[in-house]
Amino acid sequence: QVQLVESGGGLVQAGGSLRLSCAASGSIFSINDMDWYRQAPGKERELVARITSGGSTKYADSVKGRFTISRDNAKNTVNLQMNNLKFEDTAVYYCRAVVVVTTRAQYDFWGRGTQVTVSS
């Protein structure tokens, strides 16, 4: 029904920046929340940032002031600008979208993830 594809991950030195992008496609009527989650080895998956369809945002305390989430509703994309990266940000980052499909049913969809590695 819906596919999410992340891009922009990679290897960066501490203090550097990366920009992650996620594009949704398929049988989309509308998209409610769009999120970035991450999961580091040995750690639970955690919500990094969320943006609603109206543009309200929420961030994990650990990334406040460093990360910025944004979206383009016309393009069905969500971005995560990550600045002043720290070693502790190393994780697989996943895009999640709460999508109302064309049948008007609502589902969560997940991307396959993109690796972000920050060297100390």
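The structure under discussion appears in the preceding block.
All chains use their own residue numbering, which begins from 1 and follows the written sequence. For a predicted model such as this one, the threshold for reporting local features is a pLDDT of at least 70, and the threshold for listing and counting side-chain atom pairs is 80 or more; totals across whole chains, interfaces and linings nevertheless cover every residue. In computing side-chain values, all of the structure's heavy atoms are included and hydrogens and water are not.

Peer 1: Please give an account of the overall build of the chain that cites residues and values.
Peer 2: Each helix and strand in the chain was counted, giving 0 helices and 11 strands. In this description the radius of gyration comes from C-alpha coordinates, and the expected globular size is given by 2.2 Å times residues to the power 0.38. The globule rule puts the C-alpha radius of gyration for 120 residues at 14 Å, and the 14 Å found for the chain is close to it. Across its three principal directions, the C-alpha atoms of the chain cover 50 × 25 × 25 Å. Should any heavy atoms of two residues lie within 4.5 Å, those residues are considered in contact. Within the chain, contacts between residues at least 6 apart in sequence are counted, and of these 55% link residues at least 24 apart. We score Asp and Glu as negative and Lys and Arg as positive, and we do not count His or the chain ends. Working definition for charges: the position is that of NZ of Lys, CZ of Arg, CG of Asp or CD of Glu. If the 14 positive side-chain charges of the chain are averaged to one point and the 10 negative ones to another, these points end up 3 Å apart. To qualify as a helix, a DSSP run of H or I must reach at least 4 residues; to qualify as a strand, a run of E must reach at least 2; elements of each kind are numbered from the N terminus.

Peer 1: Describe the sheet that holds strand S3 (residues 18–26), naming the residues involved and giving the relevant values.
Peer 2: Pairing is antiparallel in the open sheet, where 4 strands are placed in the order S1-S3-S8-S7. Pairing within the sheet leaves two strands with one partner each, and these edge strands are strand S1 (2–7) and strand S7 (67–72). Mean inter-strand twist for the sheet, computed between neighbouring axes without regard to direction, equals 15°. Sheet analysis places S7 next to strand S8 (residues 77–82), joined by 6 bridges and oriented antiparallel. Across the sheet, the residue bridging to Phe 67 is Met 82, located in S8. Pairing between two strands is assigned when DSSP locates at least 2 bridges connecting them. In this analysis an axis means a line fitted to C-alpha atoms, helices contributing only their contacting stretch, and an angle means the value between N-to-C directions, from 0 to 180 degrees.

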